[in-house]
Amino acid sequence: MDPRRITELTTRLADTRWQGVHFHREIGSTQDAALDGPTGCQLHWADRQTKGRGRQGRRWVDGGQDLAVTFRLD
């Protein structure tokens, strides 16, 4: 994703209810980042996720063409 677009989206999201907006170019799992990060309304998004978890314990890996997002609402 274009770095200018990342900055724009992060800024726009930060002006909403989210206490933290975290962009990861590549990450193992946005769910793990949300669990390990600060509490509160956090949004983690990534261009590429390498160790995602799907439903029923299934492994989920994107090919770099998807957007991985996890919302933490504490």
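Since the structure is predicted, the reported quantities are computational estimates derived from the model, not experimental observations. (Residues numbered from 1 in each chain as written. Predicted model: local features only at pLDDT ≥ 70, side-chain atom pairs only at ≥ 80, totals over all residues. Heavy atoms only, no water.)

S.K.: How should I be thinking about the environment of Gln19 in this particular structure?
M.R.: Assignment of secondary structure puts Gln19 in the loop between helix H1 (3-14) and strand S1 (20-27). By relative accessible area, Gln19 is classed as exposed at 59%. For Gln19, the contacting residues outside a window of four places in its chain are Thr39, Gly40, Cys41 and Gln42. (Helix = DSSP H or I, 4+ residues; strand = E, 2+ residues; numbered from the N terminus. Buried < 20%, exposed > 50% of the residue type's maximum accessible area, 1.4 Å probe, protein only. Contact = heavy atoms within 4.5 Å.)

S.K.: For this particular structure, what's the right way to read the nonpolar core?
M.R.: Inside soluble globular proteins, nonpolar side chains tend to come together where they are buried. Membership of the largest hydrophobic core is limited to six residues, which are Ile6, Trp18, Val21, Cys41, Leu43 and Trp45. Leave out the neighbours within four places in its chain, and Leu43 touches Leu13, Trp18, Gly20, Val21, His22, Thr70 and Phe71. (Core = buried A, V, L, I, M, F, W, Y, C linked by side-chain atoms within 4.5 Å.)

S.K.: It is not clear to me how the pattern of salt bridges should be interpreted in this structure. Could you clarify?
M.R.: Note that side chains of opposite charge can pair when their charged atoms are close. Overall, the coordinates contain five salt bridges when judged by the stated rule. Residue Glu26 pairs with Arg48 through a salt bridge whose shortest N-O separation is 3.9 Å. Highlighted residues: Glu26 in strand S1 and Arg48 in strand S2 (residues 42-49), separated in sequence by 22 residues. Glu26 sits in the exposed class, given a relative accessible area of 52%. Look at Arg48 and you get partly exposed, because its relative accessible area is 33%. One salt-bridge network, held together by shared partners, links Arg5, Glu8 and Arg12. (Salt bridge = Lys/Arg side-chain N within 4 Å of Asp/Glu carboxyl O.)

S.K.: Can you help me understand the environment of Ala68 in this one?
M.R.: Residue position: Ala68 is located in strand S5 (residues 68-72). The spacing of Ala68 and Ala33 is 35 residues in sequence and 12 Å in space, taken between C-alpha atoms. Once residues within four sequence positions are removed from consideration, Ala68 is found in contact with Thr30, His44, Trp45, Ala46, Gln49 and Trp60.

S.K.: Before we go on, may I ask you to explain the sheet that holds S5 in this structure?
M.R.: Across the sheet, three strands lie side by side as S1-S2-S5; this open sheet has mixed pairing. Pairing within the sheet leaves two strands with one partner each, and these edge strands are S1 and S5. Looking at each pair of strands side by side, their axes are set apart by 15 degrees on average, direction ignored. Examined bridge by bridge, S2 and S5 share five bridges and lie antiparallel to one another. Bridging across to S5, Leu43 finds its partner in Phe71. Where H1 meets the sheet, it contacts S1 and S2, and its direction lies at approximately 150 degrees from that of S1. (Pairing = 2+ DSSP bridges. Axes fitted to C-alpha atoms, helices over the stretch in contact; angles between N-to-C directions.)

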